[in-house]
Amino acid sequence: MDQVSLNRSHGGMQGVYTHQSTATGTPMTFSVFVPDHAPGAKLPVLWYLSGLTCTHANVTEKGEFRGACAEAGIIFVAPDTSPRGDDVPDDEGYDFGKGAGFYVDATEAPWATHFHMRSYIEQELPALIGAEFPMADLGRQGVTGHSMGGHGALTIALRNPGRFRSVSAFAPIVSPLNCPWGKKALTGYIGADKAGWRQYDACALIEDGARLPDLLVDQGEGDNFLADQLKTQLLVDACEQAGIPATIRMQPGYDHSYYFISTFMAEHVAWHAARLR
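Focus on the sheet that holds strand E4 (residues 43-49)
Sheet strands pair via backbone hydrogen bonds, and the direction of the pair is either parallel or antiparallel. Strand order in the open sheet formed by 9 strands is E1-E2-E3-E5-E4-E6-E7-E8-E9, and the pairing between neighbours is mixed. Of all the strands in the sheet, just strand E1 (2-9) and strand E9 (246-251) have a single pairing partner and so form its edges. Each neighbouring strand pair of the sheet contributes to a mean axis angle of 20°, computed without reference to strand direction. Note that E4 and strand E6 (residues 136-145) share 7 bridges and pair parallel. Within E6, the position partnered with Val-45 by the bridge is Gln-141. The sheet contacts of helix H3 (residues 117-132) involve strand E2 (12-20), strand E3 (27-35), E4, strand E5 (75-79) and E6, and relative to E3 the element is tilted by about 50°. The strands touched by helix H4 (residues 148-159) are E4, E6, strand E7 (164-170) and strand E8 (215-220); relative to E7, the strand with the most contacts, the crossing angle is about 155°.

This is the structure:
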């Protein structure tokens, strides 16, 4: 692991790091905020998964999480959204290829060589964080994310029962089976057989028996992707039918941007903190 930068902020240290990933076969970049803490203290970890076109930098620079994380004593980890590099295949569209890994393990050529973001997020990066940040308590983890990253947070938590004590999302893609972004990505990465898509669809996972202890979601009513891509009501219905305690808040006037995310970030951090103590 190589340190790219380290900056003092909000009574803690904001670092950016790179390492050579075995999951993707490429260098990967991620950021970690560590609040000040007593020697030997162990701090819970909150993962943040970013959305389409984003890198680790979007939330690191615009998410306004550090004050809340410092107050709560929470480590904040933000990985990239896909493998990068000259040898990594790409697509002309913003919603597929680089910046749009969809947190899946691709099985279709040419994507299967590098696009293993599920393995990277579920296995490799947590092991690296545990090894390189001894203050990180991986027995107390929460996960959140935005849009495509909200899809990632929900599906990873649903597939790994008991790993995360807290789960939230900002404007998540709740059912890739039922939206253009998801259909394009899953067809390209996984293939045309929709049976293989269900493990990457939060609503389908819930229908198939996966559960969360509870859930917090914020969605802007002014989000131009709400009707066609995000379809929040499908998650509301799935949680109600499964008996999952879910606080799904429709926020009047808010769009899909980091102006929206940063507005509610401190509330999400506090919500996670209450469950990670």
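Points about the pairing of E4
The buried fraction of E4 is high, at 7 of 7 residues. Here 3 bridges tie E4 to E5, and the two strands are oriented parallel to one another. Across the sheet, the residue bridging to Val-45 is Ile-75, located in E5.

Topic: the environment of Pro-39
Along the chain, Pro-39 falls in the loop between E3 and E4. Residue Pro-39 is classed as exposed on the basis of its relative accessible area, which comes to 84%. Sequence separation between Pro-39 and Met-135 is 96 residues; the distance between their C-alpha atoms is 8.7 Å.

Reading guide: rules and limits
Residues numbered from 1 in each chain as written. Predicted model: local features only at pLDDT ≥ 70, side-chain atom pairs only at ≥ 80, totals over all residues. Heavy atoms only, no water. Pairing = 2+ DSSP bridges. Helix = DSSP H or I, 4+ residues; strand = E, 2+ residues; numbered from the N terminus. Axes fitted to C-alpha atoms, helices over the stretch in contact; angles between N-to-C directions. Contact = heavy atoms within 4.5 Å. Buried < 20%, exposed > 50% of the residue type's maximum accessible area, 1.4 Å probe, protein only.

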